[in-house]
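Here is what each chain is made of, one letter per residue.
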Amino acid sequence: MRSFSIVLSCLMALWVTVGHADDKLTGTEIVDNNNVWIGLDLGSPHVITKVGWAPSVESQVLSRVVLGVFEGANRPDFMDALPLYMIEEKAMNNKMAYADVNCSRGFRYVRFVKPAGAYQNLAGVEFYGHKGDGNDSHLFQLTNLPTVIIHTLNDEIPYDKEHEIVSQLTIISDGGTKLLSEPGTIRERGNASRDFPKKPYRIKFDEKQVVLDAPAKAKKWTLINNYGDKTLMRNLLAFELSRRLGMPYTPYGTAVDVLLNGEYKGCYQLCDQIQVHKNRVNITEMTTHDNEGSALTGGYFIEIDAYANQEKSWFKSVKGNPVTIKSPGEDSITTKQRSYIRSHFNKMEDDPHQYIDKNTFLRHFLVGELSGNTDTYWSVYMYKQRDDDTMFTGPVWDFDLAFDNDQRTYPVCNKKDYIYRSGGSCAGNMKKMVDEFVLYSDESQAMMLDIWDKARHADLTEESLVAYIDQMEADLDHSQRLNFLRWPILNKKVHQNARALGSFQAEVENVRRFMKERLKWMDKRLGYTFVPTGITEVSVESSESSIDLAQPYDVYSVSGQPSGNSIRGLRPGIYIVRQGHATRKIVVR
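It should be emphasised that the depicted structure is a prediction, and the values quoted were computed from it without experimental measurement. (Residues numbered from 1 in each chain as written. Predicted model: local features only at pLDDT ≥ 70, side-chain atom pairs only at ≥ 80, totals over all residues. Heavy atoms only, no water.)

**Notes on a positive patch on the surface**
Turning to step 1, where the next piece is worked out: Together, Lys 208, Lys 217, Lys 219 and Lys 278 give the surface a local cluster of positive charge.
Turning to step 2, where the next piece is worked out: As for its placement among the helices and strands, Lys 219 is situated in strand β16 (residues 217–224).
Turning to step 3, where the next piece is worked out: Classification of Lys 219 as partly exposed rests on a relative accessible area of 33%. (Patch = residues over 30% accessible without salt bridge, like charges linked within 9 Å, V, L, I, M, F, W, Y side chains within 5 Å. Areas by Shrake-Rupley, 256 points an atom, 1.4 Å probe, with all protein chains shown as cover. Salt bridge = Lys/Arg side-chain N within 4 Å of Asp/Glu carboxyl O. Lys, Arg positive; Asp, Glu negative; His and termini not counted. Charge placed at Lys NZ, Arg CZ, Asp CG, Glu CD. Helix = DSSP H or I, 4+ residues; strand = E, 2+ residues; numbered from the N terminus. Buried < 20%, exposed > 50% of the residue type's maximum accessible area, 1.4 Å probe, protein only.)

**Some points on the sheet that holds strand β19 (residues 300–305)**
Turning to step 1, where the next piece is worked out: What the 5 strands build is an open sheet, ordered β20-β21-β19-β22-β23; its pairing is antiparallel. At either end of the open sheet lies a strand with only one pairing partner, and these are β20 (314–316) and β23 (391–393). Averaged over neighbouring strand pairs, the angle between their axes works out to 30° when direction is ignored.
Turning to step 2, where the next piece is worked out: Here 3 bridges tie β20 to strand β21 (residues 322–327), and the two strands are oriented antiparallel to one another. Residue pairing across strands places Phe 315 opposite Val 323, the latter belonging to β21. (Pairing = 2+ DSSP bridges. Axes fitted to C-alpha atoms, helices over the stretch in contact; angles between N-to-C directions.)

**Focus: the sheet that holds strand β17 (residues 253–260)**
Turning to step 1, where the next piece is worked out: Read around the closed barrel, the 7 strands follow the order β12-β13-β14-β15-β16-β18-β17; overall the barrel is mixed. Within this sheet the neighbouring strands show an average axis-to-axis angle of 35°, counted without direction.
Turning to step 2, where the next piece is worked out: Pairing analysis gives 5 bridges linking strand β14 (residues 178–188) to strand β15 (residues 201–210), with the strands arranged antiparallel. Within β15, the position partnered with Glu 188 by the bridge is Tyr 201.
Turning to step 3, where the next piece is worked out: Each of β17 and β18 (263–272) is contacted by helix α7 (residues 462–486), which is oriented at about 130° to β18, the strand it contacts most. (Contact = heavy atoms within 4.5 Å.)

**A closer look at the pairing of strand β7 (residues 69–73)**
Turning to step 1, where the next piece is worked out: Burial analysis of β7 places 5 of its 5 residues in the buried class, which makes it a mostly covered element.
Turning to step 2, where the next piece is worked out: On β7, burial covers both faces: Val 69, Glu 71 and Ala 73 on one face and Phe 70 and Gly 72 on the other are all buried.
Turning to step 3, where the next piece is worked out: In this structure, β7 lies alongside strand β8 (residues 82–86), joined through 4 bridges in antiparallel fashion. Each bridged residue has a counterpart across the sheet, and for Glu 71 the counterpart in β8 is Pro 83.

**Details of the confidence of the model for the chain**
Turning to step 1, where the next piece is worked out: Scored by pLDDT, the chain comes out at a mean of 90, with 89% of its residues at no less than 70.
Turning to step 2, where the next piece is worked out: Taken together, the stretch residues 1–16 has pLDDT below 50 and engages in 48 contacts with residues farther than four places along the chain or on a different chain.
Turning to step 3, where the next piece is worked out: Below pLDDT 50 for its whole length, residues 19–25 participates in 15 contacts with residues either more than four positions away or in separate chains. (pLDDT = per-residue confidence, 0-100.)

What follows is the structure in structure tokens.
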């Protein structure tokens, strides 16, 4: 078997061998000027079947090869590169370790990308394979989660929220049998989350794409870093609460592994970009010509946002709430449109019961409180349809500090009042608005109790939520191990962590405990007693024909308090009627 060696900056020797038992080949060495990767031009495509590596003789770098990535490409700039293998275990000094490669595509160029911060870490690398173009029947996927692969032009790293960097965006899923690879761009995203070592990103395809099993066919998608959330699941769990509480739109989200220019970045959450779209925020998207009459009335998408003054298109309401205008966009919104939505928002603040949709606002409220989210009213999305004065609330967003993950509010369930009133972060005067709209309104209280009752009888049970957490824990297990090799923070407090529990399993158990406690806390705070299923639900009108009014019956609130012996004259709300052995739930509107 022929082999050759090259020396990079007199620091690292590389032995690269490519071949099959009857087809042994060598190629031309290729090197990275920044000493990030080492590789080989094979001259023509080869299907790689095995890779080998040996750490250098310095014992202190034995683990430095861990998370190193082998890649193959057919462009010399590696923009189209796909992963071949990622090292997950330590190896012996100066002794080769080997791994089979399960990737059916052929590549002309192969390389080993060193893990972040690693130098002088290899004594040798080997590639084995055979000549051929191969196919895409099976590609390498880092874990059971989809693998998102991003390669940027000239290996440029995203550095702010404004500059879009030309990229090739690739997603491998379904056990390596499904591939999406299209040109696009990448940039950073977020506010406080951009300060973390693990950066959040916004990716944008040049053309709309169907991504995994997401409902929307769209260009823009987000990669949430979840750095301070050591369960890596808080946002996804909150999205599940949103679905179970009946929010009309819940953002799509799923856990993924991310590679950027061949470097492993960790476990992320791939989800919708929150934007106007028929399968996202479904309102009319305005143009610069929509300046008169009906066209001027919408649709508008806004965010009550503590960071609004850092945006280009924003205003402060008469009552002091900072508002970012998300759509129309900052580059297209007209003066008339800006004036209209500002004026309408001020009207909404003056008379929220006339202009705010209670259904979405109350469901949004319940998601925030059930999750114990410190930031529920730090950032609130709202939208307005054309020819409709109503302001709708949603979608829910940003739960990395929820589920007992904030030292400023931990332990949430020890508080006697809602979290937004007990240390929660509120933009502007949102606390006062929520007080008036939710707490001091009998109509809102009755409607919220109705929403809660229906949800508790459907999917909002301790058993089903714990089962969902258990399943996410299992799904994330392989990826979380890699993530915390890349970001070893399990024994550290980062962001606003109340505690550092030392393991992924302990962090998940903390969420599981919180979820059980919080359901009971919410029941008590709402004055609600769970009534077993099997009770017939009827309206007051239909109950008059189903209850024998000539015979005695008793009426109770859902919390079990006696409410008299007549369904006549009841205040709006939910009641339980018991007559003999029959029990019915009635809804008074």
